[in-house]
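# Examination of the molecular architecture
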Amino acid sequence: MCIVASVLVTLIVVAPLPQAQAQTPGGASQQAPAASEEALKARIDAAYTLMMDTGRFDEGYAQLRATLLDAARSDLYEFTVESYSNAGATFLNNQILDNAEEIFAEGLKTRAMQQDVAKRADFYLNYAMLKQAEKDYQGFVSMCATATNLYAHYHGQESQELLFANDVLATGVAAFGQIASAINIEQRNLKLAQRVAGTDDRFVWKLENNLADMLRQMGAPTRALQYDLAVLEKRTAYYGPDHFNVLVSANNTAQDYLDLGRYDQALRYFQQDRDVAVVLKQEGNLVEQADAWVLYTRALSGAQPLDEPTLAQLQRLTGDQSYPEILAIRIANLLAAHFAAVGDTQSSMSQFERASSIAEATYGAVHPLAFAARQAIANLKAKTNPTAAAADFAALNDDMLRWNWFQVSTAGNPIVAEASRALADDMLHDYARLAQENASVVPAFAEAVRRWPTLENEKRDLLRRLSRLIDLNDIETRHLIQTGIRLSLAYQEAASSGDSSDDPGAVQPGQVETAYQKATAQVMARYSFSQSMVDKPLPSAETLLQSSQALIDYFITRKWRADRESADPLEDERLYAIVTRKDQPPRMFDLGDPRRLIPAARTTRMADLRSSRSGQARGAVPMVDLDATFTGLYAGLIAPLESSLMGADTLFVVPDGKLFSVPFPLLRDRMGATLDDRFDVRMLTRPEALLNVGADQGLPRNGKAVLAGGLDYARGAQKGAEPLPGTRKEVDAIAAILRRDNYSTEVLTGDAAVERALRQRMEQATLAHLATHGAYRDEAEGGTNALNALWQSQVVLSRSGDRQSMKRDDDDNRLYGMEIMNWDLSDLDLLVLSACETARGEETFVGGLRGLPTAIDIAGAKRSLLTLWPVDDAGTAAFMTGFYGRLAGGQTYSQALRQTRRDARDGKISRAHDPRVWAAFVMFEN
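Here the structure is a predicted model, which is why all the values come from computation and not from measurement.

The rules behind the values
One numbering rule holds for all chains: residues counted from 1, following each sequence as written. Thresholds applied to this predicted model are a pLDDT of at least 70 for local features of residues and 80 or more for the giving and counting of side-chain atom pairs; totals over whole chains, interfaces and linings are not thresholded and use all residues. Excluded from the side-chain calculation are hydrogens and water; included are all heavy atoms of the structure. Classification of residues uses two cut-offs on accessible area relative to the type maximum, computed with a 1.4 Å probe and protein chains only: under 20% is buried, over 50% is exposed, and between them is partly exposed. Helix and strand labels come from DSSP, where a helix needs a run of H or I of at least four residues and a strand needs a run of E of at least two; each type is numbered from the N terminus. Should DSSP find at least two bridges between two strands, the strands are regarded as paired. The handedness rule is simple: strands pointing away from the viewer, and a clockwise path from the first strand over the helix to the second, make the crossover right-handed. All axes are obtained by fitting lines to C-alpha atoms, using only the stretch in contact for helices, and the reported angles, taken between N-to-C directions, cover 0 to 180 degrees. An angle below 35 degrees is read as roughly parallel, one above 145 as roughly antiparallel, one from 65 to 115 as roughly perpendicular, and any other as oblique. Crossing chirality is assigned from the near helix's rotation relative to the far helix, an anticlockwise turn below a right angle marking it left-handed and a clockwise turn marking it right-handed. Contacts: residue pairs with any heavy atoms within 4.5 Å of one another. Three residue categories are used. Nonpolar comprises Ala, Val, Leu, Ile, Met, Phe, Trp, Tyr, Cys and Pro, charged comprises Asp, Glu, Lys and Arg, and polar comprises the others, including Gly.

## Considerations on the pairing of strand E6 (residues 704–711)
In terms of residue burial, E6 counts as a mostly covered element, since six of its eight residues are buried. Relative to strand E7 (residues 744–750), E6 runs parallel, the two being bridged by six bridges. Looking across to E7, one finds that Ala708 is bridged to Leu748. This β-α-β element, E6 to helix H32 (residues 725–740) to E7, shows right-handed connectivity. Pairing of E6 with strand E8 (residues 767–771) involves four bridges; the strand directions are parallel. The partner of Leu707 across the bridge, within E8, is His769.

If you want it as structure tokens, here you go:
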């Protein structure tokens, strides 16, 4: 609700007064006065009357404090709690915050607050509302949590009291900028309220109204509109067309349409808002507010020329506190854009700064509206002072990353997580443009690119710094650090997809914090690092690379339309490549719109490559020509970077979005040479993987391997997937190679490779190789609608049958990405999924991929060898045998894969010469 209504002030506010002489409430040495509840109540009423007399506030307040203290010394526990609660609430309602704080703080210490009194719930809830007014987030959450626990205890989990308190918690958390958490709370509250009270209950409508407010703040007006239209219809039917609640809903609906750029509809509902205000004749300026919204909407749409009288009227509105803050912010932004368009930079900056000031004062510094204002200021500075703009963007980037990490980690559903990331996309789009035009900004933007795909936070980076400081042989501490990083990533991924709260097997926040505390405590106990050593930032890419190596970090920025669910949701999309060489500043290349680089027709061909066979039948089949599918990608992805790649023989490539589906080694230059011919191409799941490329890259000696192949998929009467006879030969041949290399090797075949047994063995292994069926199905390819990609990425194991549970089930023998993500594979040097389309996944907002590559990376495996599309059974077995032979011969992982691809291409590996076999394999380093 964004209506400013008048408030009836029942107390006269005077200058701050000295505190009354207060004794410790409930002290053991105090004697309870012989005062009845009636007498105490009369004294309290008299004190209120005295405070309302002009000039006697001090006297009345002192009498109130004295009476409350007398009550606190009595055994009238319920009366005492209620009196303190009501007194604090009265001062709060009249914005006398210091006195309210004094009353609540004193009441909290009374003996009555330690008793079994149900009214304590009201006390804590009122105190929480004060903490919100004081902008004390921690205090608000603490008091509100106590109140909700007490309401649940005294009134029940489905009580109206608890539902109301949870609504206060949600709206308060939203007011502090933690909107994703608020939406999560309110959605659950609404679901419970609908079940308890029914969909026609007025309190349910209030919850729907508040939830719509939160969704609008998060930048999801389409979702908000669904609620607002429904609430407006219900309120109109119940109250009649001329009720204040109808006015509120009409205004909210209009704001939704305003955000969606549907100005005719916005004007229609703002007019309804005004019509109700005229009928109500309510005290205040409700009619004038509606007129202001109409004027703003007409000016924004261009229907109202911004002539001098209109500009003057709009400027007056931004400074009038009787109008909603959101309207003032919107008008300030409109004026700023106008002044910028006519070349008046000073006036434009003044209006943007006004919008920023109002947003921060109203919503706090960490709120989408405050971020938007800061971004607008940085963009304006970029035109005249790029250095200042760079500093602004760097600070905004840090604040938005921290805020976004919290939103995604607490979202509870993917829609909210994606909305918060879409807000970040808009900032990164503008930040990238500044970096493209100013080379000095590129290093800072490159660091932003490193952190955004996985929302890297300070805690994970601290653990990474510590892992580089501890003794190399300190295996125990290193494992604790790895566990902290692994659990943090797993929780974040599950939370952002909405799978954390309803899945008892998912990582929970307490586990993440415990793992972090254990790791840091262990380091503190064993080492004496100085703070300067600990605070030293992670090494940059140019210091990690050798002179013959180059890092190419691809990053897509997007500018979204307000309606992200429309058929054409993107206003702009840009693909950038940041190339880093040793001891050189990174260079940034604008590769244009990735939708032109990989148009829809080519995306369809790429999908055809991957969906020709289901997970029920591994094997390459006649498909569109690979060259036809990927022709031109070299020109778009590599050729513009040639000048920065001179002298390099190794490329580290970090893909983004659809680029995860591109077989980079297969790309051909205009002379017909593949990238694999020119470079050792090493794919990284994310930029942080570069921290590990200096470690030993060869197969460890005397390790432990677990291999699975030749599996029996039948489960009782369920036939399961088609048998793959070549996979038994594949794992037997690999086992023979590894045993010659002194490996302890276990082969699971037939019905032995069930999920539980496999997990136990893989978590203790150095190398794991699963030769079986794999599959990925998104919604467009027959997958389950609205199901997370990590549940649609699977590896099929023994005794899996025909059932696909798509949930955490250690007995269904289908290994889903969401499950493997929670495994501890930090001892695995290599995980090979010799199965179909295991490298597939879903493009995520901001950056990256959600699929098995993500899950394996989070689980901690150092690297994984996966496939981009269905592969032939016999050809794959031959290819894998050649690969392991080269590993055992001493080649590094990347060298062995590169040479095996060449051997296959040159016809040296039977059944693997077709590029649909050898080009399908991609190794991701984590």
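Past the structure itself, the notes keep going.
## Let's talk about the pairing of strand E12 (residues 830–834)
Within E12, five of the five residues are buried, which leaves the element mostly enclosed by the surrounding structure. With five bridges connecting them, E8 and E12 associate as parallel partners. Paired with Leu767 across the bridge in E12 is Leu830. Pairing of E12 with strand E15 (residues 863–867), which is carried by two bridges, proceeds in the parallel orientation.

## Considering the packing of helix H2 (residues 57–72) against helix H3 (residues 77–93)
One can describe the packing of H2 onto H3 by two numbers: an axis separation of 9 Å at closest approach and a directional angle of 155 degrees. Of the possible angle classes, the one that applies to H2 and H3 is roughly antiparallel. In the crossing of H2 with H3, the sense of the turn from one axis to the other is left-handed. For the pair H2 and H3, the contacting residues are Phe57, Tyr61, Leu64, Leu68, Leu69, Ala71 and Ala72 in the first and Phe79, Thr80, Ser83, Tyr84, Ala87 and Phe91 in the second. A breakdown of the residues in the contact of H2 with H3 according to their chemical character gives eleven nonpolar, two polar and no charged.

## Considerations on the sheet that holds E12
Taken in spatial order, the eleven strands line up as E3-E2-E1-E4-E5-E16-E15-E12-E8-E6-E7 in an open sheet, and their pairing is mixed. The open sheet terminates on both sides in strands that have one partner only, identified here as strand E3 (587–590) and E7. Taken pair by pair, the neighbouring strands of this sheet meet at an average axis angle of 20 degrees, ignoring direction. By the bridge criterion, two bridges tie strand E5 (residues 680–684) to strand E16 (residues 921–925) in an arrangement that is parallel. Counted as the bridge partner of Leu684 is Glu925 from E16. Where H32 meets the sheet, it contacts E6, E7, E8 and E12, and its direction lies at approximately 160 degrees from that of E6.

What is shown is where atoms sit, not what they do.
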